[in-house]
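# Chain and residue survey
So you can see what is in the structure, the chains are spelled out below.
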Amino acid sequence: MIGVYFSGTGNTRYCLEKFLSEYQGEGKSFSIEDPNVINIIKQNKDIVFAYPIYFSNLPKIVRDFIEINQKEFNGKNIFIISTMGLFSGDGAGCSARLFKKYGANILGGIHLRMPDCIGDEKVLKKSLEENKAIVKKAEEKIKECANKFKTGEPLREGLGFIYHIVGLLGQRLWFYNKTRSYTDKFKIKSERCVGCGKCAAICPMNNIELDNDKAKGKNKCTMCYRCFSNCPKQAITILGKEVQEQCKIEKYIK
């Protein structure tokens, strides 16, 4: 079994690799940004597919990846890992419905609460110790999930009609436009930017470029907060106006 994932600040990648380790001792995982990921998918029948949830929905980059490569999922057996800062209802179901539409067999799904990556909204922030406790709890749930998978009883969180309704009413109907398209809310404070180019190099959407030694954004941000959390001068914001915390998984697993 191999892993395929999208991860902005590392939460989802960490959970996926933890699951593969608990389930089979080891396992290779590949980002959807990897140029070889489609060939990897073609060569493997059993896949763990992992992604974060934004506003109770799929990140636009993940939805596009599934839809563009839909024929590659026909006949695959897929277990879904969905990470989130808040309760989503049907986080795993958001992709499961697409995968089933394209001929995949859904083995199950799990929802994992992780530290929220939206670091420019103060109301969402928690202390370092609180976030470490959240990660610890997620690790315990991953171990339980892997053991159930081994016995042929995989968790099925987020799958089915009731979960779907909860997801719709919980957030998705109210915030549907947040993830319907890529956002242009990405902002750079030019007076702080030193033109290091790190943000441009790690952006999954190629949404950032350097112009006269200053980073400039375009209008195709998928809100993964990767650039935000890696900017050495805290020059970037997306949904909020000020940097409250740069959130990377490495902070919470030390």
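Residues numbered from 1 in each chain as written. Predicted model: local features only at pLDDT ≥ 70, side-chain atom pairs only at ≥ 80, totals over all residues. Heavy atoms only, no water.

### Some remarks on the sheet that holds strand β3 (residues 46–52)
One open sheet accounts for five strands, arranged β2-β1-β3-β4-β5; its pairing is parallel. The sheet is open, and its two edges are formed by β2 (29–31) and β5 (105–113), each paired on a single side. Shown here is a sheet whose adjacent strand axes are inclined to one another by a mean of 20 degrees, direction ignored. Sheet topology note: the strand β4 (residues 77–84)/β5 ladder contains eight bridges and is parallel. Directly across from Thr83, in β5, lies its bridge partner Leu112. Its contacts with the sheet place helix α4 (residues 91–101) against β3, β4 and β5, and it is angled at close to 150 degrees to β4. (Pairing = 2+ DSSP bridges. Helix = DSSP H or I, 4+ residues; strand = E, 2+ residues; numbered from the N terminus. Axes fitted to C-alpha atoms, helices over the stretch in contact; angles between N-to-C directions. Contact = heavy atoms within 4.5 Å.)

### Points about the packing of helix α1 (residues 11–24) against helix α5 (residues 128–150)
Look at α1 against α5: their axes get within 9 Å of each other, and the N-to-C directions meet at 40 degrees. Classified by the interaxial angle, the pair formed by α1 and α5 is oblique. Both α1 and α5 take part in a crossing whose hand is right-handed. Between α1 and α5, the contacting residues are Tyr14, Cys15, Lys18, Phe19, Glu22 and Tyr23 on the first element and Val135, Glu139, Ile142, Lys143, Cys145, Ala146, Phe149 and Lys150 on the second. A breakdown of the residues in the contact of α1 with α5 according to their chemical character gives nine nonpolar, no polar and five charged. (Parallel < 35°, antiparallel > 145°, perpendicular 65-115°, else oblique. Left-handed = near helix turned anticlockwise from the far one by under 90°. Nonpolar A, V, L, I, M, F, W, Y, C, P; charged D, E, K, R; others polar.)

### Points about the domain arrangement of the protein chain
In terms of domain boundaries, the protein chain breaks down into domain 1 (2–175) and domain 2 (187–242). Each of domain 1 and domain 2 was reduced to a C-alpha centroid, and the two centroids are 26 Å apart. Taken together, the contact pairs 15 residues of domain 1 with 15 residues of domain 2. Carbon and sulfur atoms supply 58% of the area buried between domain 1 and domain 2, which totals about 1,100 Å² over both sides. Of all residues in domain 1, the largest losses of buried area upon contact with domain 2 belong to Tyr54, Ile61 and Asp120, amounting jointly to 39% of the total for that side. Taken together, domain 1 and domain 2 are joined by one salt bridge. The salt bridge partner of Glu33 is Arg226, with a shortest N-O separation of 2.7 Å. Where domain 1 meets domain 2, there are eight residue pairs in polar contact (both at pLDDT 80 or more). Taken together, the residues of the side of domain 1 that touches domain 2 sort by class into seven nonpolar, four polar and four charged. (Domains from an automatic or database assignment. Buried area = accessible area lost by both parts, 1.4 Å probe. Salt bridge = Lys/Arg side-chain N within 4 Å of Asp/Glu carboxyl O. Polar contact = N/O pair within 3.5 Å; in protein donor to acceptor, adjacent residues only side chain to side chain.)

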